[in-house]
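Here is how the chains run, residue by residue.
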Amino acid sequence: GAVVSQHPSWVICKSGTSVKIECRSLDFQATTMFWYRQFPKQSLMLMATSNEGSKATYEQGVEKDKFLINHASLTLSTLTVTSAHPEDSSFYICSAPRDRGAPYEQYFGPGTRLTVT
Amino acid sequence: AQSVSQHNHHVILSEAASLELGCNYSYGGTVNLFWYVQYPGQHLQLLLKYFSGDPLVKGIKGFEAEFIKSKFSFNLRKPSVQWSDTAEYFCAVNVGGYSTLTFGKGTMLLVSP
């Protein structure tokens, strides 16, 4: 099946610093990628839709200035958590659909665990 | 907005027991339905999906799910679970063919050997 990778798999940073998380589609091109956040024992919450060559679409309640998304190429989207605070600690997961005709069939990355101290 | 409810947060079963995990969604229009599994330390994997046609769909590893439109349900079943089925299971809904998925809160299944 399609492969989506994330880097890093886990990161610890100090409060006030910024952290960049990469999401790559390894064997297909993705004009759209999705970023989710998962709190312990809770569901995945869609944060934003990353669109190649254009601005990301953010879900209600997600601060676009805090969670910067860049979709620079057809295989790479990045999520930057700016001025991170302990409440940003979470598991961040990206996904991408391989088939443009079936955008809801998404392949998920392994996730990145962010801990802000 | 649509929502997805998974009735059980934790389920504990012995090997060979039968499994049924409930999933209900709240949307009256056309939906695409999914079950994903997340094994410990691994990423989400698609178990099965329903788009149209036969409401009983079969997925990988012996899992199946039945779409009952009148009940807005898409319950996951397996006749005989194995220890290796220990994982977290998520039900997800896509509305009208758009790209976004709405997930339930997940059910943690623990199968004891």
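Scroll up to find the structure.
Nothing here was measured: the structure is a model prediction, and the numbers come from that model.

This brings us to the pairing of strand S9 (residues 73-78) of chain B. Residue and element names in this part refer to chain B. Burial analysis of S9 places 5 of its 6 residues in the buried class, which makes it a mostly covered element. Bridging between strand S8 (residues 64-68) and S9 involves 5 bridges; their strand directions are antiparallel. Pairing of Ala65 across the sheet is with Leu76, part of S9. The turn linking S8 back onto S9 is made up of 4 residues, and Phe72 within it adopts a positive phi angle of 50°.

Residue and element names in this part refer to chain A. Where strand S7 (residues 67-73) and strand S8 (residues 76-81) come together, 5 bridges link them in antiparallel fashion. From the neighbouring strand, Ile69 faces S8, where its bridge partner is Leu79. If you look at the hairpin formed by S7 and S8, you'll find 2 residues sitting between the two strands.

The next subject is the sheet that holds S7 of chain A. Residue and element names in this part refer to chain A. The strand order across the open sheet formed by 4 strands is S1-S3-S8-S7, and the pairing between neighbours is antiparallel. Lying at the two open borders of the sheet, with one neighbouring strand each, are strand S1 (4-7) and S7. Each strand of the sheet is rotated relative to its neighbour by a mean of 20°, with strand direction disregarded.

This next bit is on the pattern of salt bridges. Residues and elements named next belong to chain B. For the coordinates displayed, the defined rule picks out 7 salt bridges over all chains. Linking Glu64 and Arg77 is a salt bridge whose minimum nitrogen-to-oxygen distance equals 3.5 Å. Placement of the pair is Glu64 in strand S8 and Arg77 in strand S9, with a sequence separation of 13 residues. When its relative accessible area of 17% is taken as the criterion, Glu64 is described as buried. Residue classification places Arg77 among the partly exposed positions, given a relative accessible area of 22%. For Lys78, the salt bridge goes to Asp85, with nearest N and O atoms at 2.9 Å. Here Lys78 matches Asp85 in class, with each residue buried. A network of salt bridges, in which partner residues are shared, links Lys58, Glu64, Glu66 and Arg77.

Turning our eyes to something else, we now look at unusual backbone geometry. With omega at 0°, the peptide bond leading from His7 of chain A into Pro8 of chain A counts as cis. With respect to the secondary-structure elements, Pro8 of chain A resides in the loop between S1 and strand S2 (10-13). A positive phi angle, close to 45°, is found at Ser83 of chain A, a residue other than glycine. As for its placement among the helices and strands, Ser83 of chain A is situated in the loop between S8 and strand S9 (90-97). The exposure class assigned to Ser83 of chain A is partly exposed, which follows from its relative accessible area of 35%. The phi angle at Lys61 of chain B is positive, at roughly 60°, despite the residue not being glycine.

Attention shifts here to the interface of chain A and chain B. Facing 17 residues of chain A, the contacting portion of chain B comprises 18 residues. Summing both partners gives a buried area of about 1,500 Å² for chain A against chain B, and 61% of it is carried by carbon and sulfur. Looking at the side of chain A facing chain B, the largest losses of area belong to Ser43, Tyr104 and Phe108 of chain A, adding up to 40% of the total buried there. Summed over the shared surface of chain A and chain B, the result is 1 salt bridge. Salt-bridge contacts for Lys49 of chain B lead to Glu105 of chain A; the nearest nitrogen and oxygen are separated by 2.6 Å. Counting across the interface, chain A meets chain B through 3 residue pairs in polar contact (both at pLDDT 80 or more). Here the residues of the side of chain A that touches chain B are counted per class, giving 9 nonpolar, 6 polar and 2 charged.

Looking now at the state of the cysteines. Residue and element names in this part refer to chain A. Applying the stated rule across the entire model yields 2 disulfides over all chains. What pairs with Cys23 in a disulfide is Cys94, and their sulfur atoms sit 2.0 Å apart. Across the S-S bond of Cys23 and Cys94 the torsion is about 80°, and the bridge reads as right-handed. Here Cys94 lies in strand S9 and Cys23 lies in strand S3 (residues 19-25), a separation of 71 residues in the sequence.

Rules behind the numbers
- Residues numbered from 1 in each chain as written.
- Chains lettered and ligands numbered in written order.
- Predicted model: local features only at pLDDT ≥ 70, side-chain atom pairs only at ≥ 80, totals over all residues.
- Heavy atoms only, no water.
- Buried < 20%, exposed > 50% of the residue type's maximum accessible area, 1.4 Å probe, protein only.
- Helix = DSSP H or I, 4+ residues; strand = E, 2+ residues; numbered from the N terminus.
- Pairing = 2+ DSSP bridges.
- Axes fitted to C-alpha atoms, helices over the stretch in contact; angles between N-to-C directions.
- Salt bridge = Lys/Arg side-chain N within 4 Å of Asp/Glu carboxyl O.
- Contact = heavy atoms within 4.5 Å.
- Buried area = accessible area lost by both parts, 1.4 Å probe.
- Polar contact = N/O pair within 3.5 Å; in protein donor to acceptor, adjacent residues only side chain to side chain.
- Nonpolar A, V, L, I, M, F, W, Y, C, P; charged D, E, K, R; others polar.
- Disulfide = S-S within 2.5 Å.

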